Amino acid sequence: HVSSFFAASSRFGTPEDLKDLIDQAHKDGIAVIMDIVHSHAVKNEIEGLGNLAGDPNQYFYPGDRHEHPAWDSLCFDYGKNQVLHFLLSNCKFWLEEYHFDGFRFDLMAIHDVETMNRVSAEVRAINPYAVIYGEGWTAGDSPLPVERRALKENVSKMQGVAVFSDDIRDAVKGHYSREDDRGFVSGKAGQEETVKIGVVASTSHPQVDYSKGSNSKFAYATSPEMIMNYVSCHDDLRLTDK
C-alpha cells in the first residue's frame, strides 16, 4: 500500500527516495518525525480502508462523521482489535522499514489514553528514544468519555507521551486563527500568568496562580517532559502575522 501511494504521485518520489532522505537527515544529525493524521480523511480514503479489512465503517464509532465536504473528523474505535492492530502495525512499519524517529498525532484526543500508552510501549520496544507527542484536543465532540480521551488534561495518565501547550501559544501570540487577537508580545494585558503556566510546563508551582490562566485552570502535567511549548510551529497564523 505504501509503494502504491508513492507511485500514485510522482511529486512524492519513490519509497527509496524517502528512505534516502531520512538516511541523509540522520547523517546530518536531524531526527525525522512522522505526522499521524487519522483524524482527517476524505471520503475515498475512508472507503479505501475497506481494501485492508472489509467494511470501513467497522473502524469508527457509529455516526461519527461530519458532513464537511473536505474532511471528516473521525473517532476510531480502538476497542475493536482490528483498529488497534491497524494503528500499531502502521507505527511499527514506519519505524522498522523507514527508520522514522517518532510520531506526532493530529487531534490526539480522538484516540484514547489506553491506545496511546500501547503505542508508546510498542514503539519504544523498537526505538527507546522515539518521540511521541500530539495535539491534546479534539476538533469537536467525541463519543469517548472525557476521562478516556488523550486530552492534554489527561497527559499524566499517559506514559512517554507529550502534548502541545496551546496555553503558552495563545498567551504569547494571541489566538491562532483570529488575526485581530493579540498576545503578550504584542502588549495584550492579562496574559502574564498564562505565560508563566507555559514556563513551568503546566506543572504545579508556588509562583503560578492557575485561577488567572486564560486557558487551563489547573496544573495538568506532573513533569515538564509531558509538555511541548511552542508559538509558531503549527496552526495557522504565525507570530510575525500578528
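Here the residue numbering is sequential within each chain, running from 1 through the sequence in written order. Selection of residues for local features in this predicted model requires a pLDDT of at least 70, selection of side-chain atom pairs for listing and counting requires 80 or more, and totals for whole chains, interfaces and linings are taken over all residues. Computation of side-chain values: all heavy atoms of the structure, hydrogens and water removed.

1. A short note on the overall build of the protein chain
Numbering of helices and strands starts at the N terminus; helices are DSSP runs of H or I of at least 4 residues and strands are runs of E of at least 2. Scanning the protein chain from terminus to terminus reveals eight helices and seven strands. Each residue is placed in one exposure class: buried if its accessible area under a 1.4 Å probe, protein chains only, is under 20% of its type's maximum, exposed if it is over 50%, and partly exposed if it falls in between. Within the span of the protein chain, comprising 242 residues, buried residues form 48% of the whole. Note on areas: Shrake-Rupley with a 1.4 Å probe; residue coverage comes only from the protein chains shown. For the protein chain, the accessible area works out to roughly 12700 Å², and carbon and sulfur atoms hold 52% of it.

2. Re unusual backbone geometry
At leucine 107, a position not held by glycine, the phi torsion is positive, near 45°. Within the element layout of this structure, leucine 107 appears in the loop between β4 (102-105) and α6 (113-126). With a phi close to 55°, alanine 201 is a non-glycine residue in the positive phi region. Within the element layout of this structure, alanine 201 appears in the loop between α8 (192-199) and β7 (227-229).

3. Overview of the pattern of salt bridges
A carboxyl oxygen of Asp or Glu within 4 Å of a side-chain nitrogen of Lys or Arg is what we treat as a salt bridge. This model, assessed by the stated rule, comprises 14 salt bridges. In this structure, aspartate 112 and arginine 148 form a salt bridge, with 3.8 Å as the shortest nitrogen-oxygen distance. One end of the pair, aspartate 112, is in the loop between β4 and α6; the other, arginine 148, is in the loop between β5 (131-134) and β6 (162-165), with 36 residues separating them in the sequence. The exposure class assigned to arginine 148 is partly exposed, which follows from its relative accessible area of 30%. Across the salt bridge formed by arginine 169 and aspartate 170, the nearest N and O atoms sit 2.8 Å from each other. The exposure classification of arginine 169 matches that of aspartate 170, with both residues buried.

4. Quick notes on α8
Those residues of α8 not exposed but buried are Glu193, Thr194, Val195, Ile197 and Gly198. Summarising the contacts, the buried residues of α8 are in contact with α7 (166-173) and β7. Two residues or fewer past α8, alanine 201 is found with a positive phi of approximately 55°. It only takes one pair of heavy atoms within 4.5 Å for two residues to be counted as in contact.

5. What to know about the sheet that holds β6
Between any two strands, pairing holds if DSSP finds at least two bridges. Strand order in the open sheet formed by five strands is β1-β4-β5-β6-β7, with parallel pairing between adjacent strands. Every other strand in the sheet has two partners, leaving β1 (33-36) and β7 as the edge strands with one partner each. If you compare each strand with its neighbour and ignore which way they point, the axes differ by 30° on average. Bridge count for β5 against β6 is two bridges, and the pairing is parallel. For helices, the axis comes from a line fit to the C-alpha atoms of the stretch in contact; other axes are also lines fit to C-alpha atoms, and the angle between any two N-to-C directions lies between 0 and 180 degrees.

6. Considerations on the confidence of the model for the protein chain
pLDDT expresses how confident the predictor is about each individual residue, on a scale running from 0 to 100. Averaged over every residue, the pLDDT of the protein chain is 83; the share at 70 or more is 77%. A low-confidence stretch, residues 1-9 stays under pLDDT 50, and its non-local contacts, those more than four residues away or across chains, total 13 contacts. Every residue in residues 62-73 is under pLDDT 50, and counting partners more than four places away or in other chains gives 23 contacts.

7. Examining the pairing of β5
For a regular strand, side chains alternate in direction, first toward one face of the sheet and then toward the other. When β4 meets β5, the two strands line up parallel, connected through four bridges. Each residue of the ladder has a partner; that of phenylalanine 103, found in β5, is isoleucine 132. When the strands point away from the viewer, a crossover counts as right-handed if the path from the first strand over the helix to the second runs clockwise. Remark: the β4/α6/β5 crossover connection has right-handed handedness.

8. Some remarks on the packing of aromatic side chains
Stacked, tilted and edge-to-face are the three classes assigned to paired rings of Phe, Tyr and Trp, where Trp is represented by its six-membered ring and a pair needs centres within 6.5 Å; plane angles under 30 degrees give stacked, over 60 edge-to-face, the rest tilted. Applying the stated rule across the entire model yields seven aromatic pairs. Considering the side-chain rings of tryptophan 94 and phenylalanine 100, the 5.8 Å spacing of their centres and the 85° angle between planes classify their relative orientation as edge-to-face. The buried category is assigned to tryptophan 94, whose relative accessible area is 11%. Seen from their ring centres, phenylalanine 218 and tyrosine 220 are 6.4 Å apart, and the 75° between their planes marks the pair as edge-to-face. On the basis of relative accessibility, which here comes to 43%, the residue phenylalanine 218 falls in the partly exposed class. These aromatic residues form a ring-pair network of at least three members: Phe93, Trp94, Tyr98 and Phe100.

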